[in-house]
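Residues per chain, in single letters:
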Amino acid sequence: MPAALRLASKLPHATTLAHMALTIGFVFDDTLDALDGVQQHIITIGTELVRRGHDVHYLVGETHHSPVPQTVSLARNVMVSFNGNRMRIPLPVRKREIRAALAHNNYDILHIQAPYSPLFGGRVLECAPQSTGVVATYHIAPIDRRARYGGRALGLVNAHSHRRVDEVIAVSQVAAQYAQFTAHTHGTIIANPVNVEKFATAAHRASSSSTSSIRMFSFLLFRNKTIIMDATLKI
């Protein structure tokens, strides 16, 4: 069965996409204490989904001061250097703790950020009920052979849990190529979201004498649909 149909088959049948109120869990190995790129990605999408009436939760690595409500910190993290960045990776999380968190909210959709650790993200997928739809978004752009082939080795380790993924997204062509190389999966390219309202507010406060303009686009994944928001900002 095609991935889109697998995902659609797990949704309540007597409703349409526009009227569904879903319980959605973002799964992320890292912390939400630091607002790096992936954190901003999931928070921007999650905030928009809440505005649309959905119940959004964040199942994440060690987090003490989350900027968003309904954050479930499930893992202790350690700092590492990889692919030219410093990041936090999770220590092993007991499956009974993961099952308890999943059962508490009965998620319709889990949206995992990839690549993910088998010690946390992979275990979340393994514990997720078959009735839960799973989306994976790939973010990484490998800078060298070590990152590229290390990712392929991680893909082999995660092969079993990755079978639970119904839809794959990549934030760029490079990320899509990485997903293909490491997980042998095709990702639909949807660029990182941008909250244009923040820029619009700043533009209104700017000097009216400036004639420059910036056209910005944001792309939001909303249950197998791309929502394109277009704003021309005068600054």
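Since the structure is predicted, the reported quantities are computational estimates derived from the model, not experimental observations. (Residues numbered from 1 in each chain as written. Predicted model: local features only at pLDDT ≥ 70, side-chain atom pairs only at ≥ 80, totals over all residues. Heavy atoms only, no water.)

So, helix 3 (residues 95-105)
Threshold: Three exposure classes are used, based on accessible area relative to the maximum for each residue type with a 1.4 Å probe and protein chains only: buried under 20%, partly exposed in between, and exposed over 50%. To qualify as a helix, a DSSP run of H or I must reach at least 4 residues; to qualify as a strand, a run of E must reach at least 2; elements of each kind are numbered from the N terminus. Working note: the arc is built from the helix axis to C-beta atom directions. The contact criterion used throughout is that any non-hydrogen atoms of two residues lie within 4.5 Å.
If you check which residues of helix 3 are buried, you get I98, A101, L102 and N105. Take helix 3 and look down its axis: the buried residues cluster within an arc of 95 degrees, on one side only. Every exposed residue of helix 3 that faces more than 90 degrees away from the buried side is listed here: R96, A103 and H104. Where helix 3 is buried, its residues touch strand 1 (23-28), strand 2 (55-60), strand 6 (109-114) and helix 4 (121-127).

Remarks on the packing of aromatic side chains
Heads up, the rule is: Side-chain rings of Phe, Tyr and Trp, where Trp is taken by its six-membered ring, are said to pair if the distance between their centres is within 6.5 Å; with planes under 30 degrees apart they count as stacked, over 60 as edge-to-face, and otherwise as tilted. In our convention, an over-ring charge means Lys NZ or Arg CZ found within 6 Å of a ring centre and within 35 degrees of that ring's normal.
Tallying each qualifying case throughout the model produces three aromatic pairs. Ring centres of F26 and Y58 lie 5.6 Å apart, and the angle between their planes is 15 degrees; on these two criteria the pair is classed as stacked. Here Y58 lies in strand 2 and F26 lies in strand 1, a separation of 32 residues in the sequence. The ring of F181 carries the charged tip of R148 above its face, separated from the ring centre by 3.7 Å.

Digging into unusual backbone geometry
The step from A114 to P115 runs through a cis peptide bond, and the omega angle for that step is 0 degrees. Checked against the element boundaries, P115 lands in the loop between strand 6 and helix 4. Phi angles above zero are rare outside glycine, and Q70 is one such case at about 60 degrees. Mapping Q70 onto the fold places it in the loop between strand 2 and strand 3 (71-73).

A few points about the packing of helix 5 (residues 145-157) against helix 7 (residues 173-183)
Put simply, the test is: Working convention: axes come from line fits to C-alpha atoms, limited for helices to the stretch in contact. Angles between N-to-C directions cover 0 to 180 degrees. In these notes the angle categories are as follows: under 35 degrees is roughly parallel, over 145 is roughly antiparallel, 65 to 115 is roughly perpendicular, and the rest is oblique.
With their axes 7 Å apart at the nearest point, helix 5 and helix 7 run at an angle of 55 degrees to one another. By the angle between their directions, the pair helix 5 and helix 7 is classed as oblique. Contact with helix 5, carried on its side by A147, R148, Y149, G151, R152 and G155, involves Y178, F181 and T182 of helix 7 and no other residues of that element.

A look at the side chain of T31
Just so we agree on the cut-off: We define a polar contact as two N or O atoms separated by no more than 3.5 Å, with the added condition that, inside protein, one atom must be a possible hydrogen donor and the other a possible acceptor, whereas residues neighbouring each other in sequence contribute only through side-chain atom pairs.
If you trace the backbone, T31 turns up in the loop between strand 1 and helix 2 (37-51). Side-chain polar atoms of T31 contact the backbone nitrogen of D33, separated by 2.9 Å. There is a polar contact of 3.2 Å between the side chain of T31 and the side chain of T63. Setting aside its immediate chain neighbours within four residues, T31 contacts Q39, G61, E62, T63, N77 and R88.

Observations concerning the environment of V56
Relative to the helices and strands, V56 resides in strand 2. The exposure class of V56 is buried, given its relative accessible area of 3%. Along the backbone, V56 and Y107 are 51 residues apart, and their C-alpha atoms lie at a distance of 9.3 Å. Not counting the four nearest positions on each side in its chain, V56 is found in contact with I24, F26, G46, L49, V50 and Q70.

Some remarks on the confidence of the model for the chain
The condition that has to hold: One confidence number per residue, pLDDT, is output by the predictor and ranges from 0 to 100.
With 77% of its residues at a pLDDT of at least 70, the chain reaches an overall mean of 84. Here residues 211-235 scores under 50 on pLDDT; set against residues more than four positions off or in separate chains, the count is 72 contacts.

Remarks on the sheet that holds strand 2
Backbone hydrogen bonds are what pair the strands of a sheet, in a parallel or an antiparallel way. Definition in use: Strand pairing requires that DSSP identify at least two bridges connecting the strands.
An order of 3-2-1-6-7-8-9 is seen for the seven strands of this open sheet, with the pairing classed as parallel. For this open sheet the edge positions go to strand 3 and strand 9 (188-189), each flanked by a neighbour on one side alone. Strand direction decides the pairing type here: strand 1 and strand 6, joined by four bridges, are parallel. Note on strand 6: the bridge partner recorded for F26 is H111.

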